[in-house]
Amino acid sequence: MGDVTGGREDVEARWGLRMCSGAVSPEGAWVEVLARGEAAAAPLERILAEGDEDAIATYQAARLLSHLSLPRSVGPMARRLMHTEIGSLLHDALVDILSSWGTAVAPAVLEVLDTAPDEDARLGLLQVLAECGARDERILAALLADLASDDVIPAITNLVRYGDPAARAPLSRMLDDYTLSDEVEDLFAQQEVRELASGLLSLGGTLSDAQREKVERAWRLGEPLRARLRRKTGDRPERNAPCWCGSGVKYKKCHLGSER
């Protein structure tokens, strides 16, 4: 929190830290925060901005701000999200909070997105924009631009969350242009092909015969490695259980015969 100078800002910040760190019971904290209303925002935003990502005070500040639901807190929360590790408790909480606040968060999140230094910093912000319910050409443009990232699967997922049929054509072109490699041996190699097809179908599109064959070929290319892994682990479904391949058919009527 830095040195205490005795100024009002530090007094408020110290109060906020006390509230968030467990010095006050959770029930008491909620009551006192709600009683202060907007006056509680500044110290909580400061803790959120400056606190360690794994500190309980930082996480609690985010949760308390979520209960206040103040428009002024969207920017600070989006900026902290941009600098939070993907998949951390704080990252997921901020995505959930901002998304739940609805369409009003979009302008501030778009503004923060323009300052994001890399793909990781953009990911959570793009998820918020995809899930908040706002419809804006700038949001669609940002989501489509993310298809050029190194990891295309989260970009596809966000486009499906956003749900704009305008994304069908770019996804279809990517699927057409994707080149399968017979030399790649990885359990999840070429998973992008299946995700592109799934995204296209989820948005109401259809697959051409060539695209369908490409998806089936991508699955077949990974089958030798999957079979070796199953033999090594001995992890097979029961005869009447759904087959591991996701076909929806019972194992005994699908891959059981080929694995004997």
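The shown structure was predicted, so the numbers you read here are calculated from the model rather than taken from an experiment.

Cut-offs applied
- Residues numbered from 1 in each chain as written.
- Predicted model: local features only at pLDDT ≥ 70, side-chain atom pairs only at ≥ 80, totals over all residues.
- Heavy atoms only, no water.
- Helix = DSSP H or I, 4+ residues; strand = E, 2+ residues; numbered from the N terminus.
- Buried < 20%, exposed > 50% of the residue type's maximum accessible area, 1.4 Å probe, protein only.
- Contact = heavy atoms within 4.5 Å.
- Areas by Shrake-Rupley, 256 points an atom, 1.4 Å probe, with all protein chains shown as cover.
- Core = buried A, V, L, I, M, F, W, Y, C linked by side-chain atoms within 4.5 Å.
- Axes fitted to C-alpha atoms, helices over the stretch in contact; angles between N-to-C directions.
- Parallel < 35°, antiparallel > 145°, perpendicular 65-115°, else oblique.
- Nonpolar A, V, L, I, M, F, W, Y, C, P; charged D, E, K, R; others polar.
- Arc of directions from axis to C-beta.
- Left-handed = near helix turned anticlockwise from the far one by under 90°.
- Expected span 1.5 Å × (residues − 1).
- Patch = residues over 30% accessible without salt bridge, like charges linked within 9 Å, V, L, I, M, F, W, Y side chains within 5 Å.
- Salt bridge = Lys/Arg side-chain N within 4 Å of Asp/Glu carboxyl O.
- Lys, Arg positive; Asp, Glu negative; His and termini not counted.
- Charge placed at Lys NZ, Arg CZ, Asp CG, Glu CD.

A. How the structure looks around the overall build of the protein chain. The secondary structure content of the protein chain amounts to 13 helices and zero strands. The N-to-C order of helical and strand elements in the protein chain reads α-α-α-α-α-α-α-α-α-α-α-α-α. Residues classed as buried in the protein chain amount to 44% of the 260 residues present. A sequence separation of at least 24 residues applies to 59% of the contacts in the protein chain between residues at least 6 apart. For the protein chain, the accessible surface area stands at approximately 14,000 Å², while carbon and sulfur atoms represent 50% of it.

B. Geometry of the nonpolar core. Leu44, Leu48, Met77, Leu98, Val109, Leu125 and Ile139 are the most contacted members of the largest nonpolar core, which has 61 residues in total. If we skip the residues at most four places from it in the chain, leucine 48 touches Thr58, Ala61, Ala62, Leu65, Pro76, Met77, Arg80, Leu90 and Leu94.

C. How the structure looks around the packing of helix H10 (residues 152-162) against helix H12 (residues 191-202). Two numbers describe how H10 lies on H12: the axes approach to 10 Å, and their chain directions differ by 5°. Here H12 runs roughly parallel to H10, going by the angle between their axes. Side by side, H10 and H12 meet where Val152, Ile153, Ile156 and Val160 of the first sit next to Gln191, Glu192, Glu195, Leu196, Gly199 and Ser202 of the second. Tallied by class, residues from the contact of H10 with H12 come to five nonpolar, three polar and two charged.

D. Up close: helix H7 (residues 106-113). Restricting attention to buried positions, one finds in H7 the residues Ala106, Val109, Leu110, Val112 and Leu113. Along H7, the residues classed as buried sweep out an arc of 160° about the axis, all on the same side. Buried residues along H7 sit in contact with helix H5 (74-82), helix H8 (119-131) and helix H9 (137-145).

E. Structural view of unusual backbone geometry. Not every positive phi belongs to a glycine, and serine 69 is a case in point at roughly 50°. Structurally, the position occupied by serine 69 is in the loop between helix H4 (56-68) and H5.

F. Spatial organisation of the packing of helix H6 (residues 89-100) against H8. Across the interface, H6 lies against H8 with an axial gap of 9 Å and an inter-helix angle of 30°. The angle between H6 and H8 places the two elements in the roughly parallel class. The interaxial crossing formed by H6 with H8 has right-handed handedness. Every residue of H8 that contacts H6 at His91, Val95, Leu98 and Ser99 is listed here: Gly124, Gln127, Val128 and Glu131. For the contact of H6 with H8, the residue count by class is three nonpolar, four polar and one charged.

G. Broad picture of the environment of leucine 65. The topology assignment puts leucine 65 in helix H4. According to the relative accessible area criterion, leucine 65 is buried, its value standing at 0%. Considering only alpha carbons, one finds leucine 65 and alanine 40, 25 residues apart in sequence, at a separation of 8.5 Å. With near-sequence residues (within four places) excluded, leucine 65 lies in contact with Ala41, Leu44, Glu45, Leu48, Ser73, Met77 and Trp101.

H. Focus on H8. Across its 13 residues, H8 extends 18 Å between first and last C-alpha, which sits within 8% of the 18 Å expected from 1.5 Å per residue. Of all the positions in H8, only Ala121, Leu123, Gly124, Leu125, Leu126, Gln127, Val128, Leu129 and Ala130 are classed as buried. Packed against the buried residues of H8 are H5, H6, H7, H9 and H10. Count one or two residues on from H8 and you reach glycine 133, which has phi positive near 95°.

I. Summary view of a negative patch on the surface. Together, Asp118, Glu119, Asp120, Asp150 and Asp151 line one region of the surface with negative charge. Considering the arrangement of structural elements, one finds aspartate 151 in the loop between H9 and H10. Look at aspartate 151 and you get partly exposed, because its relative accessible area is 43%.

J. Representation of the pattern of salt bridges. By the definition in use, this model includes six salt bridges. Glutamate 131 serves as the salt-bridge partner of arginine 161, at 3.1 Å between the closest nitrogen and oxygen. Highlighted residues: arginine 161 in helix H10 and glutamate 131 in helix H8, separated in sequence by 30 residues. You can call arginine 161 partly exposed: its relative accessible area is 38%.

Treat this as a map of the structure, not an account of what it does.
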